[in-house]
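A structural walkthrough
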Amino acid sequence: MSVHAPAAAVLERVNPAVGVVEPVDAGTCVLDTGADSLDSLAVHLGMLGYEFTVTGPPELVAHLEELAGRYARSTRPPSPPGPAPQKSPFPGR
């Protein structure tokens, strides 16, 4: 995955036992890492504090998309309840 920050800055947040950081240019690096679960990897990416781009594996991309939607929904006010169902004017229906 690409991290949109200098490699030196990312190295300050990533233990060498957890991942390898390789510079791409002055403001971008590649982080090669793994985790026991998609949740753990998503949490660690979020805690880096930098923008990042993930293009694979597909399971991680899908998981991050699901989490992004959940986080976005958590900041919206709840929707007002819909109209109450109408009672039928005919008994038994």
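Residues numbered from 1 in each chain as written. Predicted model: local features only at pLDDT ≥ 70, side-chain atom pairs only at ≥ 80, totals over all residues. Heavy atoms only, no water.

**What about helix α3 (residues 58–74)?**
Helix length check: α3, at 17 residues, gives a terminal C-alpha distance of 24 Å against a target of 24 Å (1.5 Å per residue), a fit within 8%. Among all positions in α3, only Leu 60, His 63, Leu 64 and Leu 67 are buried. Taken end-on, α3 shows its buried residues confined to a sector of 100°, consistent with a single buried face. Of the residues in α3, the exposed ones pointing more than 90 degrees away from the buried face are Pro 58 and Glu 65. Along its buried surface, α3 packs onto α2 (38–47) and β4 (52–53). (Helix = DSSP H or I, 4+ residues; strand = E, 2+ residues; numbered from the N terminus. Expected span 1.5 Å × (residues − 1). Buried < 20%, exposed > 50% of the residue type's maximum accessible area, 1.4 Å probe, protein only. Arc of directions from axis to C-beta. Contact = heavy atoms within 4.5 Å.)

**Examining the pattern of salt bridges**
Side-chain pairs of opposite charge can arise whenever the charged atoms involved come near each other. Taken as a whole and assessed by the stated rule, the structure comprises one salt bridge. The partner of Arg 70 in a salt bridge is Glu 66, and the shortest N-O contact between them spans 2.8 Å. Of this pair, Arg 70 and Glu 66 both sit in helix α3, four residues apart, roughly one helical turn. The partly exposed category is assigned to Arg 70, whose relative accessible area is 42%. (Salt bridge = Lys/Arg side-chain N within 4 Å of Asp/Glu carboxyl O.)

**Regarding the pairing of strand β3 (residues 28–33)**
Side chains on a regular strand alternate between the two faces of the sheet. Pairing of strand β1 (residues 2–3) with β3 involves two bridges; the strand directions are antiparallel. Within β3, the residue paired with Ser 2 across the bridge is Val 30. One ladder, built from six bridges, connects strand β2 (residues 19–25) with β3; its direction is antiparallel. By the bridge assignment, Gly 19 is partnered in β3 with Thr 33. Counting the residues in the hairpin turn of β2 and β3 gives two residues. (Pairing = 2+ DSSP bridges.)

**Observations concerning the confidence of the model for the chain**
Here the chain averages 90 in pLDDT, while 92% of its residues score no lower than 70. Per-element confidence in the chain is highest for β1, whose mean pLDDT is 98, and lowest for α2, whose mean pLDDT is 93. (pLDDT = per-residue confidence, 0-100.)

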